[in-house]
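One letter stands for each residue in the lines below.
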Amino acid sequence: QVQLVESGGGLVQAGGSLRLSCAASGRTFSSHAMGWFRQAPGKEREFVATTNWNGRSTSFADSVKGRFTMSRDNAKNTVYLQMNRLKPEDTAVYYCAASTLGRAAQNPDEYAYWGQGTQVTVSS
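To keep things clear, this report deals only with the structure shown in the data block.

Rules used throughout
Residues numbered from 1 in each chain as written. Predicted model: local features only at pLDDT ≥ 70, side-chain atom pairs only at ≥ 80, totals over all residues. Heavy atoms only, no water. Core = buried A, V, L, I, M, F, W, Y, C linked by side-chain atoms within 4.5 Å. Buried < 20%, exposed > 50% of the residue type's maximum accessible area, 1.4 Å probe, protein only. Helix = DSSP H or I, 4+ residues; strand = E, 2+ residues; numbered from the N terminus. Pairing = 2+ DSSP bridges. Axes fitted to C-alpha atoms, helices over the stretch in contact; angles between N-to-C directions. Phe/Tyr/Trp six-rings, centres within 6.5 Å; stacked < 30°, edge-to-face > 60°. Lys NZ or Arg CZ within 6 Å of the ring centre and 35° of its normal.

**Focus: the nonpolar core**
Grouped burial of nonpolar side chains is what soluble globular proteins tend to show.
Working step 1: In this structure, Met 34, Trp 36, Phe 68, Leu 81, Met 83 and Tyr 94 are the most contacted members of the largest nonpolar core, which totals 32 residues.
Working step 2: Considering every element that reaches this core, the biggest residue donor is strand 9 (residues 92-99), with five residues.

**Description of the sheet that holds strand 1 (residues 3-7)**
Working step 1: Read from one edge of the open sheet, four strands run 1-3-8-7, paired in antiparallel fashion. Every other strand in the sheet has two partners, leaving strand 1 and strand 7 (68-73) as the edge strands with one partner each. Sheet twist, expressed as the mean angle between neighbouring strand axes with direction ignored, is 15 degrees.
Working step 2: Bridge count between strand 7 and strand 8 (residues 78-83): six bridges; the pairing is antiparallel. Of the residues in strand 8, the one forming a bridge with Ser 71 is Tyr 80.

**Brief notes about the packing of aromatic side chains**
Working step 1: In this structure the tally under the stated criterion is four aromatic pairs.
Working step 2: Aromatic pair Phe 37 and Trp 114: ring centres 5.0 Å apart, planes at 55 degrees, arrangement tilted. Pair noted here: Phe 37 is in strand 4 (residues 34-39) and Trp 114 is in strand 10 (residues 111-114), with a separation of 77 residues, a long-range link.
Working step 3: By relative accessible area, which is 27% here, Trp 114 ends up partly exposed.
Working step 4: Over the ring of Tyr 95 we find Arg 45; its NZ or CZ atom is 3.8 Å from the centre of that ring.
Working step 5: Directly above the ring of Trp 114 sits Arg 45, whose terminal nitrogen or CZ lies 4.9 Å from the centroid.

**Remarks on unusual backbone geometry**
Working step 1: With a phi angle near 55 degrees, Asn 77 is a residue other than glycine that sits in the positive phi range.
Working step 2: Within the secondary structure, Asn 77 sits in the loop between strand 7 and strand 8.
Working step 3: Under the relative-accessibility criterion, Asn 77 is labelled partly exposed at 24%.
Working step 4: For Arg 85, which is not a glycine, the phi torsion comes out positive at approximately 50 degrees.
Working step 5: Considering the arrangement of structural elements, one finds Arg 85 in the loop between strand 8 and strand 9.

**Description of the pairing of strand 5 (residues 46-51)**
Working step 1: With respect to burial, strand 5 is a largely interior element, five of its six residues being buried.
Working step 2: Relative to strand 5, strand 4 runs antiparallel, the two sharing five bridges. Looking across to strand 5, one finds that Arg 38 is bridged to Glu 46.
Working step 3: Connecting strand 4 to the next strand, strand 5, in antiparallel fashion are six residues, including Gly 42 with a positive phi near 75 degrees.
Working step 4: Note that strand 5 and strand 6 (residues 58-60) share three bridges and pair antiparallel. Bridge pairing in strand 6 links Thr 50 to Ser 59.
Working step 5: In this antiparallel pair of consecutive strands, strand 5 and strand 6, the connection spans six residues, and Gly 55 shows a positive phi of 80 degrees.

What follows is the structure in C-alpha cells.
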C-alpha cells in the first residue's frame, strides 16, 4: 500500500511561485508513476502533471505547460511540483496521486492512491 501526504501550498500573488511536495510511504514507491491533479470550487478534478516511474518522462496539462515542472527523488520517496508564474486560475486544492503502473498517465482513473490535498490560492 501507498500513503501520500502533500505539503507546500499557500497564498501567493499572481506571478509568484510555490513548490509542492508529496511524501510517499511504502516499499514499492519506485515502481509507480506519479501525478498531480487539482480541483477548484465547483469544478471537476483535472490533470496537472505526471511522471513515469523513474522520472525520465513527464507530461503537463496545456494550461500549465511552460510554467510548472515536476520531478521525483525515489531515494527520498518524494515527488515535487514547482509552480512558477502563478495565475489566479491556478487556485485549487492540489492532489498527489500514485499509480500501480509505471508509465505516466493523465487519466485519474489510472491512479490507485491519493493524498489529502494542499490548498493553493493565487490572488490577482
